[in-house]
Each structure stands twice: as structure tokens, then as C-alpha cells.
Protein chains: 2
Amino acid sequence: MNVHDLATPALIVDVAAFDHNVATMAAARPGDRLRPHVKAFKSTALAHELAVAGHRGFCCATVREMVGMARAGLGHDLLLANETLDVRRLQALTTGAPDARITVAVDSVETVETAARGGVTEVLVDVNVGMPRCGCEPADAGRLAERARSSGLEVRGVMGYEGHLMMAEPAQKAALVEQAMVALLAAHADVGGDVISGGGTGTYAVNRWCTEIQAGSYTLMDTQYGSAPLPFRQALFLLLTVVSVNPTGGWAVADGGLKAFSMDHGPPDVLGAHKVWFCSDEHVTFGPLEGGSLPAVSDRVRVAPAHVDPTIACHERMHVVRDDTVVDTWEVDLRGW
Amino acid sequence: MNVHDLATPALIVDVAAFDHNVATMAAARPGDRLRPHVKAFKSTALAHELAVAGHRGFCCATVREMVGMARAGLGHDLLLANETLDVRRLQALTTGAPDARITVAVDSVETVETAARGGVTEVLVDVNVGMPRCGCEPADAGRLAERARSSGLEVRGVMGYEGHLMMAEPAQKAALVEQAMVALLAAHADVGGDVISGGGTGTYAVNRWCTEIQAGSYTLMDTQYGSAPLPFRQALFLLLTVVSVNPTGGWAVADGGLKAFSMDHGPPDVLGAHKVWFCSDEHVTFGPLEGGSLPAVSDRVRVAPAHVDPTIACHERMHVVRDDTVVDTWEVDLRGW
């Protein structure tokens, strides 16, 4: 099938750019030095490609992602890099996937108890390294590890996500990441274990302290990460049809909006010398850049999302495209909760 | 089941508030004077409730919504209040739902031809009344109606959505809506037909020119519409679990984020004297308002979304709650494309 025959809106993956991204990261962080984060793409089909590239362990953000990965035969070493209080869901995971290796992040007595009651046997102590989100204070990590061990859990090490530094100024990024990782290493000294997990697409190149990097966005990219000096290419696009054109007003309207891409990092880019005017539920209204011209009704346009993770979560599938031919379909099978 | 036993994140509907909203609108716009817009809630179960309240016709924004409504026995009078160039999807709709009455909006020669080739027999001429989106110029409406009739289509009338006026200042709203509707009535004079369709939750009370109002958000509401002087109550909430608390930093983290609510109208409200700090893919980080206190790990919080339509589109189902008891489940069965 030709990409032009797809019904729109359709999420498409430029597989040449995707392959470049995967190979580039695999060269920098081969094998188990990368633990790709499934939350970015929510697709076991895409995860299989990363396993083929040599990465055997994965991060997940939800228990449903963990269940889906285990069912898809990708349960070699799954980390729930997130806190949960849901004993029932953890029990369903651990009993339903007895062959999978399941590790869960904990940052409190409550999450330790949840893991133990949920049948989990291995944990990482999640340490706050500067972003106001999950993770215990570094000074509390050792005590929490003891508590976990006394609950019968194996403590594999620590995790600390420097998410606030992903888009830090390049000149300062390494120093800021070092500062965050010094806190993580101090916690690790109290906790023990083989694993120091952290990092992401924005810091993988400068974070030399973590034993494994939790990156996912690099596979498909978005315009925010695209604005940083990273060696990855935009591989994810939303294909839209122009459904209305107003030559008097100087605008065109395409058939994808707030239900087809996320706006938390701002509006997406409409490629081809167009400027987004505004986005509504089912539409993007855009005009030509200076000197450009309006498209015609029924023309196709490509849109690059500003934030990959919540954009993919809007869709049921990605169409994999090489030279305008649809060569594969990747179901977004890990959505929801 | 008690609402506290739901796994989170969970979308919940306060059915008392929902019933109030439905009854209030049905009193103001009874029966066919309201054509509820399915795009707001994407659920045939919810649409059934509106049919019971007396509204037999519905608007949709996507062909998939049209197909789903027809299959659910709600095809009495379905309007695709949106432009499409997708002949295949229209054919699947018209051949798959021979008993449904299907009307489609058109605003160009191309959309007229698409409707005719797709087996549609009735159209409305969509007229631009001031918002830079779909709709032909008012002066072109008569010519387009002629073109539709010459293609064998029945022209039922006009449609014009004054979306740019939904949140207009109350003192000016009526005059601004009148201005927009004067343009629509001029187009209607050239087009003919029985239907003048337009309006929404923000203008239903002042738009006395349309024969039917296209409102949907009033059923469940959001914090943006909640900031306007409207007689509807917030009926939709996201139920979350507090998964991490940092007493030193003064913040708490709950387990729903950018994949569970939309951010295009800003962050959601965390109820109960809390203030949102920021939202990330799977989390909302929040602190107490002055004088308030932090919740505890495993506490539940309720979040009111800023924009109802794209928030519901993030979810597979809504849990219908009365006095903390889950009394029903409404599948969000009209998602996707």
C-alpha cells in the first residue's frame, strides 16, 4: 500500500529515520547499557525491533505495559520504573507472567509493602535527584533498602531520573547531570546492588554514571527533542488530509487535532512552509509562511508532534513507511491502564 | 463496587451532576431543538441517555462516530458536522447502515463530490461564521447548494459554528452571536431547507436563530466551561492515587498525567485545596494551597479536566458513580478514526 492510500489521520513512522536512531543509540549504548523506555512508544512491535538491536531489558511506566511486554515474549528483564500502590494489578502481573523477570521501583514504605504483597521479588530504590516527582530523598535510600530486604525483596540497586535536565543548556548539561548523579551514587553506596538506572534521550550522551540509560523518545523523536543538539532524526509524523481551504482568509484546515496529538509541549509543526494558527479537537488550522502558498482541498500534509509519548497514546497503530510504501503496521498495544 | 475500589487512573462521572446537566439543557432546548454533539463524549452509552431525554438527532465529528452511533441504534438523524474527503469511509457508512439517516456537512465542490460518491443523500452547507476553520464564505453557500443538488444531493439547510464565541464576555456574547448568525441566515436565504444548525454549550442560551444547537460538553463539563456563567455542573473527574509524597519539598505525586487528560486548555484542577505544579506523561505533581496539607501515599484525589473532549478520548471507559457507588460503566466506544 502507498502511504497516500492511508485513511487519515494516520500515524506514520519513517523507518529509515527510525533505523538510524536505533543504530545510533545502540552504538553509543549497546546491549544492556540501554534499557529502552516503553512508555514513549507503547508498542510491543517496536520493542521487538529494539530487542533485535540488542537491548534485552525494558522500562515500563504502567503495569499494563509490563503485562503486555511479558505476554509478547519480551519479559527478559522488565522494570516498572514508576511507583504503584495497586496490589491487585501487581499480583495479576506476577502470577500471569511467571517466566518474566519483574523489578519494581519503590520510594516509600507503602510501595515496598505493595511490591511484596503483589508477589514482586526484586526492586530498585527510586531516588529523587532534583525533579519534583517520585523518588525518596537520597539520605533515606539505605533505610528503604533495608526495609525492602526485611520484607523479603531483593534490592537490585537504585534508579534516579534527571528529567529536569533533559533540555538543559548543552554547555551546562554535563555538570548538572553530574550533580544529580552524585546524589544517586551516594544513595547507591547505602543501597548496594548492581544496577544504577537513570537518564533519558536528552542525557544519554553525558550520563556516564548510570549502568543503564532509560531512553525511549530517541526512537521516534519529537520537535522538542529535535530542537536539542542530538544525533536523532524525526521519525514520527501524523499524516493528515486538507479538508477545507479559505483563500480569502488565507488559511487551510487539516483533519487532525487535539485527539490526534498532544499540546503540552506546544502545537505540532505542519511541514512544508506552513505555520500553525491554532488546534481544535479534530482540526489544525494553518497558513502559509511568508512567500508560501495554501495547499488544495484533499492535499496531504505531514505534521511533526511536539511531544512523542502522549501523541502515540492517542493512536491505535503506527504505519511503518519506507519510500512512501507502507511496509508494516505496529499496533500501539500498550495503551490505557 | 465502591469508587475507592477502582484501579486508577479512572475516569468517573458524577451521575447526579450529569442528570442535572441533561435535564437543564432538555428544558432549555427540548427534543430536536438540541442535536447533541457526540465528539464531546464519544460514547454510545452516554448518547442513549440523551436519547431517553428526548434528543433523537446527533452530531458527529468523525465517520467512525457515525458508524458506531448507527450500529448502536442511534441512527435516527445523524449529522457528520465536519468535512471529509474519504469516499471509502463514507461508502462503508452508507452501505453498512442502510436504515440510518445520514447527513454530511459540505463546504467545497470536493466535499460535495465526496458525499455523492460516498452514497450520501443529504447534506448541509457548512458556512464560515467567523472562526478560522471549516465552512464556505456565506456568499458562496447558494452556489454550493446548487452544485450539491445538481449532484443529486438533498440540501437540508445550513450549518455554522460560532466556536470563537463560546467563551465571549457574557455582556457581549448575544450581540456577537447575532452578528455571526446574521451571516448564517443570509446564507440560508440562498440555500433553503429546514435546518439551521449551530451553537454549542457556550452559546445555547443566546443563540435563538438556529433551529438546533450542537452542544455536547454541557453533559460532563470541564473547568474552562465551568469558568463561564453556565447552569451546568462539573460531572467528569479523573480519580487518581497518590503514589509518592515528598514532605521536605512539599509536593505530592498522583498517577495520572498527559496520557490521561489533555493540556490544550491548561492543567487540570486537583480538588481539595491543592495546586498543580506540573504535569508529566504519567504523573501530576501538586502541592497544598496555603494553609493546606499534603495528602498521604495511597490517598485518592479527584482531578477536574480543563477540556472534556480530548480528555475522554484518552480513556477506554467512564465509571458512573452515585454516592461513591459505581452504578454503571460507559464504554468510550467511539474513539479513534
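Residues numbered from 1 in each chain as written. Chains lettered and ligands numbered in written order. Predicted model: local features only at pLDDT ≥ 70, side-chain atom pairs only at ≥ 80, totals over all residues.

Asker: Can you help me understand the overall build of chain A in this one?
Answerer: Across its full length, chain A holds nine helices and 16 strands. Radius of gyration (C-alpha) of chain A: 21 Å, near the 20 Å computed for a compact globule of 337 residues. Dimensions of chain A, computed from C-alpha atoms along their principal axes, come out at roughly 70 × 45 × 35 Å. By residue count, 57% of the 337 residues in chain A fall in the buried class. Here the contacts in chain A between residues at least 6 apart in sequence split such that 66% fall between residues at least 24 apart. (Helix = DSSP H or I, 4+ residues; strand = E, 2+ residues; numbered from the N terminus. Rg over C-alpha atoms; globule rule 2.2 N^0.38 Å. Buried ≥ 20, exposed ≤ 12 C-beta atoms within 10 Å, placed from the backbone. Contact = placed C-beta atoms within 7 Å.)

Asker: What is the right way to look at the packing of helix α6 (residues 141-150) of chain B against helix α7 (residues 170-191) of chain B in this model?
Answerer: All names here are of chain B. Closest axis-to-axis distance for the α6/α7 pair is 8 Å, and the angle between their directions is 35 degrees. Judged by the twist between their axes, the crossing of α6 over α7 is right-handed. Between α6, through Ala 141, Gly 142 and Ala 145, and α7, the contact on the second element is made entirely by Ala 187, Asp 190 and Val 191. Of the residues belonging to the contact of α6 with α7, the class tally is four nonpolar, one polar and one charged. (Axes fitted to C-alpha atoms, helices over the stretch in contact; angles between N-to-C directions. Left-handed = near helix turned anticlockwise from the far one by under 90°. Nonpolar A, V, L, I, M, F, W, Y, C, P; charged D, E, K, R; others polar.)

Asker: Would you mind going over the nonpolar core with me for this structure?
Answerer: Nonpolar side chains in soluble globular proteins tend to be buried together. Counting 216 residues, the largest nonpolar core has Cys60(A), Val125(A) and Val125(B) as its most contacted members. In this structure, Val125(A) is in contact with Val106(A), Cys136(A), Ala141(A), Leu144(A), Ala145(A), Val155(A), Val158(A), Ala187(A) and Val191(A), ignoring residues within four places of it in sequence. (Core = buried A, V, L, I, M, F, W, Y, C linked by C-beta atoms within 7 Å.)

Asker: Teacher, can you tell me more about the relation of the copies chain B and chain A here?
Answerer: For these two chain copies, the linking operation is a rotation about an axis paired with a shift along it. Here chain B sits on chain A after a turn of 180 degrees about the axis and a move of 0.0 Å along it, with an RMSD of 0.0 Å. Here the two chains are linked by the operation of a two-fold rotation axis. Comparing contact sets, 100% of the residues at the interface of chain B also lie at the interface in chain A, consistent with an isologous, same-surface contact. (Least-squares fit on C-alpha atoms with pLDDT ≥ 70 in both.)

Asker: How should I be thinking about the domain arrangement of chain A in this particular structure?
Answerer: Residues and elements named next belong to chain A. Each assigned domain of chain A is listed with its residue range as follows: domain 1 (3-10 + 233-331) and domain 2 (30-214). With centres defined by C-alpha atoms, the gap from domain 1 to domain 2 works out at 34 Å. With seven residues of domain 1 at the interface, the matching set in domain 2 holds seven residues. Counting residues per element, the ones that place at least two in the side of domain 1 that touches domain 2 are α9 (308-312) and β16 (325-331). With three residues, the single largest contributor to the side of domain 1 that touches domain 2 is α9. Residues of the side of domain 1 that touches domain 2, tallied by class, amount to five nonpolar, no polar and two charged. (Domains from an automatic or database assignment.)

Asker: Help me understand the sheet that holds strand β2 (residues 57-60) of chain A in this model?
Answerer: Residue and element names in this part refer to chain A. Taken in spatial order, the seven strands of this open sheet run β2-β3-β4-β5-β6-β7-β8, and their pairing is parallel. What marks the edges here is a single partner per strand, and that holds for β2 and β8 (212-213). As paired elements, β2 and strand β3 (residues 77-80) share four bridges and run parallel to each other. In the sheet register, Gly 57 faces β3, and the bridge partner there is Asp 77. Along the sheet, helix α3 (residues 63-71) makes contact with β2, β3 and β4 (102-106), crossing β3 at roughly 170 degrees. Across the sheet, helix α7 (residues 170-191) touches β5 (122-126), β6 (154-160) and β7 (195-198), and the angle it forms with β6 is around 170 degrees. (Pairing = 2+ DSSP bridges.)

Asker: Please clarify how the interface of chain B and chain A should be interpreted in this entry.
Answerer: For interface size, the figure often reported is the accessible area lost on association. The partner chain A presents 47 residues to the 47 residues of chain B that form the contact. Contributing elements (two or more residues each) for the side of chain B that touches chain A: β9 (236-246), β10 (251-254), β12 (274-279) and α9 (308-312) of chain B. For the side of chain B that touches chain A, the leading source of residues is β9(B), giving four residues. Looking at the side of chain B that touches chain A residue by residue, the classes come out as 17 nonpolar, 16 polar and 14 charged.

Asker: Explain the pairing of strand β2 (residues 57-60) of chain B to me, please; I cannot follow it from the model alone.
Answerer: Two faces make up the sheet, and in a regular strand the side chains alternate between them. A two-sided burial pattern is seen for β2(B), the buried positions comprising Gly57(B) and Cys59(B) on one face and Phe58(B) and Cys60(B) on the other. The parallel pair β2(B) and strand β3 (residues 77-80) of chain B is bridged by helix α3 (residues 63-71) of chain B, and the resulting crossover is right-handed. (Right-handed = clockwise from strand over helix to strand, strands pointing away.)

Asker: Explanation requested: the confidence of the model for chain A in the structure shown.
Answerer: Close inspection of predicted coordinates is inappropriate in any region flagged by low pLDDT. Summarising the model, chain A shows a mean pLDDT of 97, and 100% of its residues fall at 70 or more. Among the prediction metrics, the complex's ipTM stands at 0.97, with pTM recorded as 0.97. (pLDDT = per-residue confidence, 0-100.)

Asker: Sorry, what's going on with unusual backbone geometry here?
Answerer: A negative phi holds for most residues other than glycine; trans holds for most peptide bonds. Of note, the amide linkage connecting Thr8(A) to Pro9(A) takes the cis form, showing an omega dihedral of -5 degrees. Structurally, Pro9(A) is set in the segment before β1 (10-14). Even without being glycine, Met221(B) reaches a positive phi, approximately 70 degrees. In this fold, Met221(B) is placed in the loop between β8 (212-213) and α8 (223-226).

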